[in-house]
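Structure at a glance
Next come the chains, spelled out residue by residue.
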Amino acid sequence: MSWAGPEDSLLSTSLASYLDRREKLLVLLRDGRKLLGLLRSFDQFANVVLEGACERVIVGDLYCDIPLGLYVIRGENVVLIGELELNKEELPPHMTLVPEAEIKRAQKAERDASDLKGSMRKRMEFLDFD
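Positions within a chain are numbered from 1, following the residues in the order the chain's sequence is written. Residues qualify for local features only when their pLDDT is at least 70, as the model is predicted, and side-chain atom pairs are given and counted only at 80 or more; totals for whole chains, interfaces and linings, by contrast, use all residues. Hydrogens are left out, water is left out, and the side-chain values use all remaining heavy atoms of the structure.

**Digging into the state of the cysteines**
By definition, a disulfide links the sulfur atoms of two cysteines through a covalent bond. Two cysteine sulfurs form a disulfide in these notes if their separation is within 2.5 Å. Per the counting criterion, the structure on display carries zero disulfides. Of all cysteine sulfurs, the one in cysteine 64 lies closest to cysteine 54, which takes part in no disulfide; the gap is 9.0 Å. Three labels apply to residues, based on accessible area from a 1.4 Å probe with only protein chains included: buried if under 20% of the type maximum, exposed if over 50%, partly exposed otherwise in between. Note on cysteine 64: relative accessible area 5%, which makes it buried.

**Observations concerning the pattern of salt bridges**
Any Lys or Arg side-chain nitrogen found within 4 Å of a carboxyl oxygen on Asp or Glu counts as a salt bridge. Enumeration over the complete set of coordinates arrives at five salt bridges. Its salt-bridge partner being arginine 40, residue glutamate 51 comes within 2.4 Å of it at the nearest N-O pair. With a gap of eleven residues between them, glutamate 51 in strand β3 (residues 48–59) and arginine 40 in strand β2 (residues 34–42) connect regions that are remote in the sequence. Close ionic contact of aspartate 65 with arginine 56 constitutes a salt bridge, the shortest N to O distance being 2.7 Å. Relative accessible area serves as the criterion here: at 11%, arginine 56 is assigned to the buried category. Runs of H or I in DSSP of at least four residues are treated as helices and runs of E of at least two as strands, each being numbered from the N terminus.

**Focus on the side chain of arginine 56**
Topologically, arginine 56 is positioned in strand β3. When residues no more than four places from it in sequence are discounted, the contact partners of arginine 56 are Lys34, Leu36, Tyr63, Cys64, Asp65, Glu90 and Leu91. Note on definitions: a residue-residue contact is assigned when non-hydrogen atoms from the two residues lie within 4.5 Å.

**Some thoughts on the nonpolar core**
What is meant by a nonpolar core is a set of buried Ala, Val, Leu, Ile, Met, Phe, Trp, Tyr and Cys residues, joined one to another through side-chain atoms within 4.5 Å. Ranked by size, the top nonpolar core spans eleven residues in total: Leu15, Leu25, Val27, Leu29, Leu35, Leu39, Val48, Leu50, Ala53, Ile73 and Val78. Breaking this core down by element, the ones donating at least two residues are β1 (24–29), β2 and β3. In this view, valine 78 contacts Val27, Leu28, Leu29, Ala46 and Ile73; residues no more than four positions away in its chain are not counted. Judged by nonpolar contacts, the second largest core, of seven residues, contains Val59, Cys64, Ile66 and Val98.

**Concerning the confidence of the model for the protein**
What pLDDT reports is the predictor's confidence in each residue, on a scale of 0 through 100. With 85% of its residues at a pLDDT of 70 or more, the protein shows a mean pLDDT of 82. Of all secondary-structure elements in the protein, the lowest mean pLDDT belongs to helix α1 (residues 6–16), at 56, while strand β4 (residues 62–73) reaches the highest, 95. Low pLDDT (under 50) marks residues 1–5, which in the prediction has one contact with non-local residues, meaning those over four places away or in another chain.

**Considering the sheet that holds β3**
With mixed pairing, the six strands of this open sheet are ordered in space as β5-β1-β2-β3-β4-β6. One side of each edge strand has no neighbouring strand; the edge strands of this open sheet are β5 (78–83) and β6 (96–97). As paired strands, β3 and β4 are joined by ten bridges and run antiparallel to one another. Bridge pairing links leucine 50 to tyrosine 71 in β4. Angular values range over 0 to 180 degrees, each being the angle between N-to-C directions of two axes fitted as lines to C-alpha atoms, with helices fitted over their stretch in contact. Across the sheet, helix α2 (residues 100–123) touches β3 and β4, and the angle it forms with β4 is around 100 degrees. Here, any two strands with at least 2 DSSP bridges between them count as paired.

**Regarding the pairing of β3**
Pairing between β2 and β3: seven bridges, direction antiparallel. In the strand pairing of β3, leucine 38 is matched with glutamate 51. Between the antiparallel neighbours β2 and β3 lie five residues, among them alanine 46 with a positive phi of about 70 degrees. The turn linking β3 back onto β4 is made up of two residues, and glycine 60 within it adopts a positive phi angle of 60 degrees.

What follows is the structure, given as structure tokens:
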């Protein structure tokens, strides 16, 4: 039994128009990661193959593109697929490109700060401010 209707073929047709074109796509994943690359293949489950893929990591005003190469993404992890216009700036001018090692340090510092905030909140739960 097929659940596909006429509107489903329009969706896949529009995505198919990006196959083998030299236009970058942005794929937002369920875990919050952002991947950029050229669409090489996809299927009815939204499984996607990106060529020349990179992960864009943004921490505050810092960003880094970590190269991944040919990348297969399982469809259940895809939240959004969008086109990036090549003639426009991808990021605001205040963003600073940094090396991968520096962005990893910034990610760790951000994660540690978040963990500390969570642990402090747990310690203060006994205080009832209501």
